[in-house]
Amino acid sequence: MKEFGYQRVLDVSEAVAVLGADPDARFLGGGTNLVDLMKTGIERPGRLVDVRELPLDRVEMTPDGGLLIGATVTNSDLAAHPEVRRRYPALAQAVLAGASGQLRNMATVGGNLLQRTRCGYFTDVAGPCNKRLPGSGCPAIEGEHHNHAILGASGHCVATHPSDMGVALAAFDAVVRYETADGPGELPLADFYLPVGDTPHLETALPSGALITGVILPPAPVAAHSRYRKVRERASYAFAIGSIAAVLDVRDGVVHEVRLAFGAVASRPWRALEAERALTGGPATAEAFAAAADAELAAAEALPHNGYKVPLMRNLVVALLTELAEEAAR
Ligand SMILES: Cc1cc2nc3c(=O)[nH]c(=O)nc-3n(C[C@H](O)[C@H](O)[C@H](O)COP(=O)(O)OP(=O)(O)OC[C@H]3O[C@@H](n4cnc5c(N)ncnc54)[C@H](O)[C@@H]3O)c2cc1C
Ligand code: SF4
């Protein structure tokens, strides 16, 4: 492991200035992803800038009635927050579906958004991988890819984004706030992750050296009628092979508003806009839910060993929306 320096910062402007002056430095949140990647040599920072003492560890109401989640709020505190549980339940459920209690106690909101893929070739430094070593190839396409992407991938990379939290944030139209030496900025989650294209090593639209300061959840009374469901290969402590965050408002049997986001199927949390369009204003029935899932998944491009994700996601859409519709009818 390469030698590195360690520095704790106490205010946001100091954090941004330190990173701006040292391109070899990286922010350190809980370290649950970054430190693992340093041990294998995938990340080789010269300095870690620990952001956990920054005053960004609160969940606060915004003036318009939304929530501002600080970037250093731990995953455990986020999932336990009463306003999150009551008003955005799918977010609390998604966070609790991830990792383990110990990891959630360490992991932060900012770090969760920027965690790297779990593609086995990415973490195997002995072999090629376009994401780790641009231009070296993508062995997953011909090799082991049973948990790789079916939507929005490219011939250069078929990796998925592993975050559960991000999937719920996508359904809630979250906005990421950041700070750079030039001042603050915001990125809607829909624009935060870059399309894969031929540059899979470029993952987000965050300016270089930017510190994530928080995530805004816009006010949305409908978000209280939300749920997260995750399918994995064992019951706990495993990444998703498919997941979904769903928000549903049904009035007199008609879909008034619906939001759907898929996880573990693309290089970023995948907002299922085709399915939403197909459902809005139509009947809240299992047949309509299945047809909407088909409309979204028509764009799926499965590889030889991940085609099972297409019916898996279809079934998840039908099951979760049926549950939410039944709840609304009670
Ligand atoms: C065994 C295991 C199982 C897991 N299972 C799941 C799972 O099922 N679902 C799931 O979603 N996740 C899972 N995770 C991943 C875990 O959620 C992430 O490792 C964690 O959320 C990362 O947060 P962190 O604060 O530790 O980030 P760090 O490791 O500290 O940082 C990650 C990246 O974010 C950057 N960074 C951190 N904070 C900021 C900031 N404020 N601004 C800008 N950049 C920043 C760092 O420089 C680094 O590049 C698992 C992890 C492990 C080890
Ligand atoms: S899928 Fe992406 S991360 Fe995995 S080997 Fe291919 S280029 Fe690398």
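Heads up: the structure comes first, above all this text.
Since the structure is predicted, the reported quantities are computational estimates derived from the model, not experimental observations. (Residues numbered from 1 in each chain as written. Chains lettered and ligands numbered in written order. Predicted model: local features only at pLDDT ≥ 70, side-chain atom pairs only at ≥ 80, totals over all residues. Heavy atoms only, no water.)

*Asks:* Can you walk me through the overall build of the protein in this structure?
*Replies:* The helix and strand inventory of the protein stands at 13 helices and twelve strands. Relative to the 2.2 N^0.38 estimate, which gives 20 Å for 330 residues, the radius of gyration of the protein is 20 Å and therefore close to what a compact globule would have. Each principal axis of the C-alpha atoms in the protein carries an extent, and together these give about 60 × 50 × 35 Å. A separation threshold of at least 6 residues defines the contact pool for the protein, and within that pool the share at least 24 residues apart is 63%. Of the side chains in the protein, 30 bear a positive and 38 a negative charge, and the two mean positions are spaced by 4 Å. (Helix = DSSP H or I, 4+ residues; strand = E, 2+ residues; numbered from the N terminus. Rg over C-alpha atoms; globule rule 2.2 N^0.38 Å. Contact = heavy atoms within 4.5 Å. Lys, Arg positive; Asp, Glu negative; His and termini not counted. Charge placed at Lys NZ, Arg CZ, Asp CG, Glu CD.)

*Asks:* Would you mind going over the sheet that holds strand E2 (residues 25–28) with me for this structure?
*Replies:* Pairing between sheet strands relies on hydrogen bonds along the backbone, with the strands arranged either parallel or antiparallel. The sheet built from three strands is open, its strands ordered E1-E3-E2 with parallel pairing. A single partner strand is all that each edge strand has here, and the edge strands are strand E1 (5–8) and E2. Across this sheet, the average inter-strand angle for adjacent strands is 25 degrees, counted without regard to direction. In the sheet, E1 pairs with strand E3 (residues 47–50) via four bridges, with the strands oriented parallel. Among the inter-strand pairings, glycine 5 is bridged to a residue of E3, identified as arginine 47. Contacting E1, E2 and E3, helix H1 (residues 12–21) crosses the sheet at an angle of about 150 degrees to E2. (Pairing = 2+ DSSP bridges. Axes fitted to C-alpha atoms, helices over the stretch in contact; angles between N-to-C directions.)

*Asks:* Help me out: how do you make sense of the nonpolar core in this one?
*Replies:* Soluble globular proteins: nonpolar side chains tend toward being buried together. In terms of nonpolar packing, the biggest core is built from 56 residues, with Leu91 and Leu113 touching the most fellow members. Take this core: its biggest share by element is six residues, from helix H9 (residues 165–171). Those residues in contact with leucine 91, other than ones at most four positions away along the chain, are Ile69, Leu78, Val84, Met165, Ala168, Leu169, Phe172 and Leu217. Listed in part, the 31 residues of the second largest apolar core include Ala275, Ala293, Leu297 and Met313. (Core = buried A, V, L, I, M, F, W, Y, C linked by side-chain atoms within 4.5 Å. Buried < 20%, exposed > 50% of the residue type's maximum accessible area, 1.4 Å probe, protein only.)

*Asks:* Which parts of the structure should I look at to understand the packing of aromatic side chains?
*Replies:* By convention here, two paired aromatic rings are described through the distance between centres and the angle between planes. This model, assessed by the stated rule, comprises two aromatic pairs. Both rings, one in tyrosine 88 and one in phenylalanine 172, keep their centres 5.2 Å apart while their planes meet at 75 degrees; by these two values the pair is edge-to-face. Of this pair, tyrosine 88 sits in the loop between helix H4 (82–87) and helix H5 (89–96) while phenylalanine 172 sits in the loop between H9 and strand E6 (175–180), and the two are 84 residues apart along the sequence. The exposure classification of tyrosine 88 matches that of phenylalanine 172, with both residues buried. Between phenylalanine 192 and tyrosine 193, the ring centres sit 4.9 Å apart and the planes meet at 90 degrees, which makes this aromatic pair edge-to-face. (Phe/Tyr/Trp six-rings, centres within 6.5 Å; stacked < 30°, edge-to-face > 60°.)

*Asks:* Explain the sheet that holds strand E10 (residues 240–251) to me, please; I cannot follow it from the model alone.
*Replies:* Reading across from one edge, E9-E10-E11-E12 is the order of the four strands in this open sheet, with antiparallel pairing throughout. The sheet terminates laterally at strand E9 (226–232) and strand E12 (270–271), the two strands that pair on one side only. Bridge analysis of E10 against strand E11 (residues 254–263) gives nine bridges, and the strand direction is antiparallel. Residue pairing across strands places alanine 245 opposite alanine 261, the latter belonging to E11.

*Asks:* Would you take a moment to explain the pattern of salt bridges for this structure?
*Replies:* Two side chains with opposite charge may pair up if their charged atoms get near one another. Using the criterion set out here, one finds 21 salt bridges in the structure. Linking aspartate 164 and lysine 230 is a salt bridge whose minimum nitrogen-to-oxygen distance equals 2.8 Å. With aspartate 164 in the loop between helix H8 (120–123) and H9 and lysine 230 in strand E9, this pair connects stretches of sequence that are 66 residues apart. Looking at aspartate 164, the relative accessible area reads 7%, which means it is buried. A salt bridge links aspartate 294 to arginine 314; its shortest N-O distance comes to 2.7 Å. Here aspartate 294 is found in helix H12 (residues 286–297), whereas its partner arginine 314 is found in helix H13 (residues 309–329), with 20 residues between them in sequence. A relative accessible area of 36% means that aspartate 294 is categorised as partly exposed. Residue arginine 314 is classed as partly exposed on the basis of its relative accessible area of 30%. The network of salt bridges with common partners includes Arg26, Glu43, Arg116, Lys131 and Glu203. (Salt bridge = Lys/Arg side-chain N within 4 Å of Asp/Glu carboxyl O.)

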